[in-house]
Amino acid sequence: SSGWMQINSSVDTSYHFGLLFPNTSYLYRSQVRDGVNIEVGPWAVFTTPGIPGPILTLDSVSVQDHGGIVYATVDPNGIWSGSETHAGMKLWYLGGTPTVQTGTGITIPSTFVSSIGSVPSSTTVFYQIWAVNEGDSVSINGSFLTPAPDAPVQLALGQSYANITS
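Residues numbered from 1 in each chain as written. Predicted model: local features only at pLDDT ≥ 70, side-chain atom pairs only at ≥ 80, totals over all residues. Heavy atoms only, no water.

> How would you explain the nonpolar core if you had to name every residue and give the values?
Among the nonpolar cores identified, the biggest contains 17 residues, and Val70, Val74, Met89, Ile116 and Ile129 are the most heavily contacted of them. Residue assignment for this core shows that the elements contributing at least two residues are β6 (67-75), β7 (85-92), β9 (110-116) and β10 (124-132). Here this core takes 4 residues from β10, the largest share from any one element. Excluding residues within four positions of it along the chain, valine 70 makes contact with Leu58, Ser60, Val61, Met89, Leu91, Phe112, Val113, Ser114, Tyr127, Ile129 and Phe144. (Core = buried A, V, L, I, M, F, W, Y, C linked by side-chain atoms within 4.5 Å. Buried < 20%, exposed > 50% of the residue type's maximum accessible area, 1.4 Å probe, protein only. Helix = DSSP H or I, 4+ residues; strand = E, 2+ residues; numbered from the N terminus. Contact = heavy atoms within 4.5 Å.)

> Lay out the packing of aromatic side chains in plain terms, naming residues and giving numbers.
Counting across every chain of the model gives 3 aromatic pairs. Between tyrosine 26 and phenylalanine 46, the ring centres sit 5.5 Å apart and the planes meet at 25 degrees, which makes this aromatic pair stacked. Of this pair, tyrosine 26 sits in strand β1 (residues 25-28) while phenylalanine 46 is found in strand β4 (residues 44-47), placing the two residues 20 residues apart along the sequence. Residue class for phenylalanine 46 comes out partly exposed when judged on its relative accessible area of 27%. Among the aromatic residues, those joined into a cluster by ring pairs are Tyr26, Tyr28 and Phe46. The ring of tryptophan 92 has lysine 90 lying over it, and the distance from NZ or CZ to the ring centre is 4.8 Å. (Phe/Tyr/Trp six-rings, centres within 6.5 Å; stacked < 30°, edge-to-face > 60°. Lys NZ or Arg CZ within 6 Å of the ring centre and 35° of its normal.)

This is the structure in structure tokens:
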């Protein structure tokens, strides 16, 4: 749609538009009236910026004996009216059942925590964190290795031992 405005002023005037669509070009021109004459300026174009994409931050990874916990922050990075940020985190290892956590309608920076357990020793655990809104989608991918099992205590034959702990 088109719209017109009239400003009666002999000084420079600026006008702020509201409710414009993101990443959209608009055509405009100025008209100056001095009571008798009308001076029409040239056509010009301005483009509104797009919606910023969300920001993901990997806060930490806590590796445990048989699994781990991944901590991340999802920041919607400004919200355009009516838009939502959706995010999630997935942890898995080959041969295991993945754990998935998701969230929708994120409007403020939010912490995501996901854990996985019952993972065999010396196993690589993979994680993927993602966020998407109307502007962009981002993801972080990584992995960690669960620790190897403790080595068994080796005792020499023919020796006597007391208070043995490992």
